[in-house]
Amino acid sequence: MALKWKKKLSKLPLCVPPETCTDDYMVNSAAISDDGSRGVAGTYYFHYPGTTRVRSDGKFGTYCYSTSGKGKKLWADEYQGDQGIYAVAISGDGTVAAGAGLLNTGKFSPYRPRRGLLRVFQAATGAKLLDSSDFPGRVTSVSLSRNGGVLAAVAESSLYVFLRSASGSFSTAPTEIDLDGYSPSVAVHPGGSWLAACDNMGKVYVSTIQAGVVSQPATWTALERTEPLLPHSPLEAVKFNCVSVARASNSFAVGGGDFVYLFTLASIQGSPPAPVARFTSFDLSHHNVRFVAISDNGAFVTAVMNDKDLIGKPIGRLVKLSPSAGLLSEDWRATLKHPPNSTSIDSSGGFITAADGFPNPTPGAFYLFDNAGAKLWEHPTPAMNWPMVISANGSGIAAGSDDNTLFFFTP
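This text gives an overview of the structure that appears in the document. These figures come from a predicted structure and were not determined experimentally.

## Details of the overall build of the protein
- Scanning the protein from N- to C-terminus turns up one helix and 35 strands.
- Taken against the 2.2 N^0.38 rule, which gives 22 Å for 411 residues, the C-alpha radius of gyration of the protein at 20 Å falls within 12% of a compact globule.
- Seen along its three principal axes, the alpha-carbon backbone of the protein occupies a region of about 55 × 55 × 40 Å.
- Counting every position in the protein, which comprises 411 residues, the buried fraction comes to 58%.
- Pairs at least 24 apart in sequence give 49% of the contacts found in the protein among residues at least 6 apart.
- For the protein, the accessible area works out to roughly 15,900 Å², and carbon and sulfur atoms hold 54% of it.
- Side-chain charges of the protein comprise 34 positive and 33 negative groups, with the mean position of each set lying 6 Å from the other.

## Digging into the sheet that holds strand S9 (residues 128-135)
- Taken together, four strands build an open sheet; the order of strands is S6-S7-S8-S9 and the sheet is antiparallel. Sheet topology places strand S6 (84-90) and S9 at the edges, where each strand pairs with a single neighbour. Within the sheet, the average angular offset between the axes of one strand and its neighbour, ignoring direction, is 15°.
- In the sheet, strand S7 (residues 96-104) pairs with strand S8 (residues 115-122) via eight bridges, with the strands oriented antiparallel. Bridged to Val-96 within S8 is Gln-122.

## Description of the pattern of salt bridges
- Using the criterion set out here, one finds 17 salt bridges in the structure.
- Here Arg-55 ties to Asp-57 by a salt bridge, and the two come within 2.7 Å at their closest N and O atoms.
- Judged by relative accessible area, which is 36%, Arg-55 ranks as partly exposed.
- By relative accessible area, which is 14% here, Asp-57 ends up buried.
- One network of salt bridges, in which partners are shared, links Glu-19, Arg-53, Arg-55 and Asp-57.

## Topic: the state of the cysteines
- A complete count under the given rule lists one disulfide for this structure.
- Residue Cys-15 pairs covalently with Cys-21 via a disulfide, S to S 1.8 Å. Around the S-S axis, the bridge from Cys-15 to Cys-21 shows a dihedral of about -105° and counts as left-handed.
- A residue is classified by how much of its surface remains accessible, and Cys-15, at 11% relative accessible area, is buried.

## So, the side chain of Lys-203
- With respect to the helices, strands and loops of the structure, Lys-203 is situated in strand S16 (residues 203-210).
- Residue Lys-203 is classed as buried on the basis of its relative accessible area, which comes to 17%.
- At 2.8 Å, the side chain of Lys-203 forms a polar contact with the side chain of Asp-180.
- The residues contacting Lys-203, other than those within four sequence positions of it, are Asp-180, Ala-197, Cys-198, Thr-219, Trp-220, Thr-221 and Phe-240.

Reading the values: rules and limits
Throughout this description, residue numbers start from 1 for each chain and increase along the sequence as written. Side-chain atom pairs in this predicted model are given and counted only at pLDDT of 80 or more, local residue features only at pLDDT of at least 70, and totals for whole chains, interfaces and linings cover all residues. As a rule here, side-chain values come from all non-hydrogen atoms in the structure, and water together with hydrogens is ignored. In DSSP terms, a helix is any run of H or I states spanning at least four residues, a strand is any run of E spanning at least two, and both are numbered starting from the N terminus. When we talk radius of gyration, it's over C-alpha atoms, and the globule rule is simply 2.2 Å times the number of residues to the 0.38. Each residue is assigned to one of three classes by its accessible area relative to the maximum for its type, calculated with a 1.4 Å probe on protein chains only: buried under 20%, partly exposed between the two thresholds, exposed over 50%. Throughout, a contact is declared for two residues whenever any of their heavy atoms are within 4.5 Å. In short, Shrake-Rupley with a 1.4 Å probe defines the accessible areas, and a residue's cover is counted only from the protein chains shown. Two residue types count as positive, namely Lys and Arg, and two as negative, namely Asp and Glu; His and chain ends fall outside the count. Charge placement uses NZ in Lys and CZ in Arg. For Asp and Glu, CG and CD serve respectively. Two strands are counted as paired when DSSP detects at least two bridges linking them. Lines fitted to the C-alpha atoms define the axes, with helices restricted to the stretch that makes contact. Angles between their N-to-C directions range from 0 to 180 degrees. Put simply, a salt bridge is a Lys or Arg side-chain nitrogen that is within 4 Å of an Asp or Glu carboxyl oxygen. A pair of sulfur atoms, both from cysteines and within 2.5 Å, is called a disulfide here. Any pair of nitrogen or oxygen atoms within 3.5 Å is treated as a polar contact; in protein, a donor-acceptor pairing is required on top of that, and neighbouring residues in sequence qualify only through side-chain atoms on both sides.

Here it is as structure tokens:
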């Protein structure tokens with residue numbers, strides 16, 4: 001492992017005199033192109049437990065770097081707002097980047113009402129391809145197809161799909177689809193022909209995209225027993241946290257609560273729609289699956305989840321899961337030192353990442369594992385970490401920490 005470089009994203013302090021707080025901008029999201037040559041990240045802030053700054057206003061931004069050498073900033077797009085950039089994306093070919101989050105809350109800014117923000121850029125230059133604040137709340141997730149022609153975003157309980165025109169810009173009148181609940185995650189298949197999303201009401205959504213037309217979604221709802229060991233306990237909707245699509249197949253995974261589900265495009269569009277395999281966390285104690293990733297061919301899934309050690313101290317688990325006879329069976333599990341936040345897989349399936357840390361202001365760590373579950377390296381950090389994503393070709397890793405820092409590693 002080599003830490004090639006790390007960069008402070010914002011050059012301005014979050015806390016400006018006469019404020020006396022020591023909180024910093026948080027890097028809530030990072031993304032990297034398939035060849036590892038470009039990385040993008042954004043700055044964010046929220047008054048989570050453990051932070052001292054109650055205000056959420058600041059000068060936030062989306063930042064794009066060339067990963068070669070010591071890392072060169074290609075451009076920065078900054079704005080004065082509230083909370084800032086919650087999610088970023090970059091197309092697989094590295095040509096289009098996006099930053100999304102919240103423009104204002106109505107609390108710390110003079111503007112009303114509460115509005116979300118989505119900006120899309122030419123990744124090489126930072127020239128804007130779309131600048132929209134026409135969202136009812138924070139844009140929580142954004143995803144691009146490999147060539148940057150399809151962009152999907154979710155805000156509150158709505159899904160938005162933007163298509164890129166022949167001129168290179170994105171339509172300002174996206175297809176909008178109403179969802180049943182608050183959506184934390186959306187993922188576009190790299191080929192741009194379909195996408196998947198999920199919400200906190202246990203619902204999974206899949207829409208196809210053909211000849212510029214976005215279909216109404218096929219759906220499925222996860223209802224699980226609140227106490228799985230008690231056969232007559234009530235059913236409740238699984239609160240999903242993440243959806244991940246396979247790069248080279250029509251498979252995707254969804255995770256939340258104590259559960260991970262594996263689907264194919266055919267299974268969600270079937271009659272009835274259904275997952276092809278299911279995982280329940282190892283001791284059924286509501287560990288809260290935080291994030292999932294799926295291999296290119298859909299042959300296995302990784303998930304990170306909260307857990308506790310033998311004396312009750314919060315830790316994390318990384319598990320690798322493979323489908324067999326309707327179940328996602330555990331191949332191996334690894335212990336993480338802190339509650340975890342993300343995982344990713346390269347195209348070969350040989351490298352698996354995990355990032356952890358919670359709550360503020362406790363430290364965290366970045367990890368790299370091989371396919372057999374052996375830990376290849378661990379990089380401790382002084383702040384908690386959310387994003388860590390490996391490029392498709394396995395040549396680079398972009399990772400962000402809650403001290404305003406973007407890291408670039410080579411495996």
